[in-house]
Amino acid sequence: MKQQANWSPYDNNGGTCVAIAGADYCVVASDTRMSTGYSILTRDYSKICQLAEKSVMASSGFQADVRALQKVLAARHAIYQHQHNKQMSCPAMAQLLSNTLYYKRFFPYYAFNVLGGLDSEGKGCVFTYDAVGSYERVGYSSQGSGSTLIMPFLDNQLKSPSPLLLPAQDAVTPLSESEAIDLVKTCFASATERDIYTGDKLEIVVLNVSGIRREYMELRKD
Amino acid sequence: MNLLVDSNQAKSNSLISEAASERTLYPYVTGTSVIGIKYKDGILMMADMGGSYGSTLRYKSMERLKPVGKHSLLGASGEISDFQEILRYLDELILYDNMWDDGNSMGPKEVHNYLTRVMYNRRNKFNPLWNSLVLGGVKNGQKYLGMVSMIGVHFEDNHVATGFGNHLARPILRDEWHENLSFEDGVRLLEKCMRVLLYRDRSAVNKLQIAKITEEGMTISQPYALKTSWNLAAFQNPTAGAEGSW
């Protein structure tokens with residue numbers, strides 16, 4: 001007698017991630033709600049992981065896969081430090097993340113990531129991914145359950161130059177750091193209104209010359 | 001032509017290997033909700049003792065709260081046999097940890113992390129351990145309470161509940177739980193939750209155990225029953241106000 005639906009190795013635990021790059025800073029943010037179906041599992045689970053001194057990853061999707069991915073990257077970064085005696089740069093970490101995702105191309109990590117950080121010149125950078133490792137360097141991005149609500153809003157507000165332009169234009173946003181933080185807060189407050197998988201609390205990580213800083217903002221809990 | 005034969009052969013081979021390999025596709029004997037909370041001096045956990053075979057109440061003295069090492073307490077819902085297998089893994093884990101004889105012992109955080117990896121590893125092999133686990137404990141003055149699902153999803157919180165408990169008990173816990181809950185208030189809160197589950201979860205039974213773990217050690221209670229009242233008008237005459245339904 002079978003009562004359950006067929007077993008699935010995947011679940012969608014929801015969550016929304018946003019990253020914005022500026023000339024000398026980078027903002028990475030995500031909510032702290034973890035859900036399954038219509039239930040909330042916990043209201044305080046951080047989806048943001050610092051992978052290196054100047055690389056921060058925010059991930060939504062299937063939490064168990066996300067955690068496994070974070071562990072693999074942490075291990076690979078420890079090896080890198082032993083071999084090179086330095087921290088991995090953000091663009092290098094971006095390539096590593098892509099390779100790590102593609103390594104599991106035929107049993108993918110169900111993880112939707114944005115990687116934010118500062119490149120070797122101290123400029124803000126954002127890399128955006130799909131679950132199997134396709135990635136692109138952009139000026140801003142959103143991933144996860146609320147991305148459909150946030151991404152067009154960011155497009156409207158930030159109007160980044162077309163990637164088809166030649167010579168290539170800089171993709172970083174013209175906003176100041178505090179303007180970018182305010183924009184992120186607005187994005188999440190709005191997404192929380194309509195997306196049931198986004199809410200509870202917003203965690204914002206800011207990277208700049210002086211280091212790394214965290215901010216929190218309460219979101220709707222319904 | 002040869003290609004055709006080969007592909008057919010491959011297909012039937014994969015079918016055979018599918019049938020011959022053994023994995024849990026659905027559970028047989030299951031336990032229902034487990035609830036755990038932090039309170040002033042440690043962790044409290046509660047579960048009933050039913051073991052359901054589908055919708056048949058097959059076993060009535062299933063101990064679903066078990067000690068793990070010196071500092072942790074494990075509660076399980078889902079497939080009972082898988083839970084007992086997990087207990088064997090943990091026995092070995094604690095034994096090998098003890099054999100170092102260095103005075104160190106694994107705390108709840110380490111045990112929870114181990115369980116997380118075991119559950120995730122088994123889901124990667126498409127052969128899950130069909131459980132939701134609650135792990136609580138205290139070590140070095142640190143309270144710990146976490147959960148793991150059968151596919152490896154895990155988290156920590158001040159209060160957790162598996163299965164139906166997540167729907168029916170956690171809203172009560174979110175309302176009434178606070179950091180400085182005394183032991184008596186904690187027990188009362190858990191009993192309130194279990195009573196709701198008893199009324200509304202058909203596989204819950206009125207024979208429960210409650211477990212406590214603090215810095216001083218752990219105790220798992222003898223089975224006991226909750227006072228229930230079925231005199232409510234809605235229970236006595238369920239069709240009142242629904243005239244003409246049958």
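Residues numbered from 1 in each chain as written. Chains lettered and ligands numbered in written order. Predicted model: local features only at pLDDT ≥ 70, side-chain atom pairs only at ≥ 80, totals over all residues. Heavy atoms only, no water.

## Regarding a nonpolar patch on the surface
All names here are of chain B. Residues L95, Y96 and M99 make up a contiguous nonpolar surface patch of roughly 350 Å² in combined accessible area. Secondary-structure assignment places L95 in helix 2 (residues 80-99). According to the relative accessible area criterion, L95 is partly exposed, its value standing at 48%. (Patch = residues over 30% accessible without salt bridge, like charges linked within 9 Å, V, L, I, M, F, W, Y side chains within 5 Å. Areas by Shrake-Rupley, 256 points an atom, 1.4 Å probe, with all protein chains shown as cover. Salt bridge = Lys/Arg side-chain N within 4 Å of Asp/Glu carboxyl O. Helix = DSSP H or I, 4+ residues; strand = E, 2+ residues; numbered from the N terminus. Buried < 20%, exposed > 50% of the residue type's maximum accessible area, 1.4 Å probe, protein only.)

## Digging into the confidence of the model for chain B
Detail in the predicted coordinates should be disregarded across regions flagged by low pLDDT. All names here are of chain B. Residues at a pLDDT of 70 or more form 91% of chain B, whose mean pLDDT is 91. Contacts for the low-pLDDT stretch residues 1-16, under 50 throughout, to residues beyond four places or in other chains number zero contacts. This prediction of the complex comes with two scores: 0.91 for pTM and 0.93 for ipTM. (pLDDT = per-residue confidence, 0-100. Contact = heavy atoms within 4.5 Å.)

## Digging into the sheet that holds strand 13 (residues 217-220) of chain B
All names here are of chain B. In space, the five strands of this open sheet follow the order 11-2-3-12-13, with antiparallel pairing throughout. Either end of the sheet is taken by a strand with one partner, and the two such strands are strand 11 (159-161) and strand 13. The mean inter-strand angle of the sheet, taken between neighbouring strand axes irrespective of direction, is 10 degrees. Against the sheet, helix 6 (residues 183-200) engages strand 2 (34-39), strand 3 (42-48) and strand 12 (208-214), with an angle of about 25 degrees to strand 3. (Pairing = 2+ DSSP bridges. Axes fitted to C-alpha atoms, helices over the stretch in contact; angles between N-to-C directions.)

## Some points on helix 1 (residues 63-84) of chain A
All names here are of chain A. Spanning 22 residues, helix 1 covers 31 Å between terminal C-alpha atoms, matching the ideal 32 Å at 1.5 Å per step. All buried positions along helix 1 are accounted for by Q63, A64, D65, V66, A68, L69, Q70, L73, H77 and Y80. Remark: N85 follows helix 1 within two positions and exhibits a positive phi of approximately 55 degrees. (Expected span 1.5 Å × (residues − 1).)

## Observations regarding helix 3 (residues 108-124) of chain B
Residues and elements named next belong to chain B. Between its terminal C-alpha atoms helix 3 stretches 24 Å, which fits the 24 Å expected from 17 residues at 1.5 Å a residue. Among all positions in helix 3, only P108, V111, H112, L115, T116, V118, M119, Y120, R122 and R123 are buried. Trailing helix 3 by a residue or two, F126 shows a phi angle of about 55 degrees, which is positive.

## Quick notes on the pairing of strand 6 (residues 55-61) of chain A
Residues and elements named next belong to chain A. With seven of seven residues buried, strand 6 lies mostly within the body of the structure. Residues S55, M57, S59 and G61 point to one face of strand 6 and V56, A58 and S60 to the other, with burial holding for every one of them. The pairing of strand 5 (residues 48-52) with strand 6 spans four bridges and is antiparallel. What sits directly across from A52, in strand 6, is S55. Here strand 5 folds back onto strand 6 in antiparallel fashion, the turn holding two residues. Sheet topology places strand 6 next to strand 7 (residues 111-118); seven bridges connect them, and they run antiparallel. Residue M57 lies in a different strand from strand 7, and its bridge partner there is L115.

## What to know about the interface of chain B and chain A
Contacts between chain B and chain A engage 24 residues on the former and 26 residues on the latter. Each partner contributes to the roughly 2,100 Å² buried at the junction of chain B and chain A, and carbon and sulfur atoms together form 57% of this total. In terms of surface lost to chain A, no three residues of chain B exceed B:R123, B:I151 and B:V153, which account for 24% of the buried area on that side. On inspection of chain B and its partner chain A, the count reaches one salt bridge. Measuring nitrogen to oxygen at the nearest pair gives 2.9 Å for the salt bridge that ties A:D65 to B:R123. Seen at the junction of chain B and chain A, the total is seven residue pairs in polar contact (both at pLDDT 80 or more). Considering every element that reaches the side of chain B that touches chain A, the biggest residue donor is helix 3 of chain B, with five residues. (Buried area = accessible area lost by both parts, 1.4 Å probe. Polar contact = N/O pair within 3.5 Å; in protein donor to acceptor, adjacent residues only side chain to side chain.)

## Examining the sheet that holds strand 12 (residues 211-218) of chain A
Picture the strands of a sheet paired through backbone hydrogen bonds; they go either parallel or antiparallel. Residue and element names in this part refer to chain A. With antiparallel pairing, the five strands of this open sheet are ordered in space as 10-1-2-11-12. Across the chains shown, the open sheet's two edge strands, defined by having one partner strand only, are strand 10 (140-144) and strand 12. Across the sheet, the mean angle from the axis of one strand to that of its neighbour is 15 degrees, orientation sign disregarded. Bridge count between strand 1 (residues 16-21) and strand 10: five bridges; the pairing is antiparallel. From the neighbouring strand, V18 faces strand 10, where its bridge partner is S142.

## Observations concerning the environment of B:K207
All names here are of chain B. Of note, K207 is situated in the loop between helix 6 and strand 12. Owing to a relative accessible area of 28%, K207 belongs among the partly exposed residues under this scheme. Residues K207 and G217 lie 10 residues apart in sequence; the distance between their C-alpha atoms is 24 Å. Ignoring sequence-local partners within four residues, the contact set of K207 consists of D48, M49, K60, S61, P223 and Y224. Here the side chain of K207 touches S61 through a polar contact of 2.6 Å, side chain to side chain.

## Examining unusual backbone geometry
Peptide bonds are mostly trans, and most non-glycine residues show a negative phi. Of note, the bond from A:L166 into A:P167 is cis; its omega dihedral lies within 30 degrees of zero at -5 degrees. Inspection of the secondary structure assignment puts A:P167 in the loop between helix 3 (147-158) and helix 4 (177-194). In this structure, B:D101 takes a positive phi of about 55 degrees despite not being glycine. Along the chain, B:D101 turns up in the loop between helix 2 and helix 3. Overall, the relative accessible area of 69% leaves B:D101 in the exposed class.

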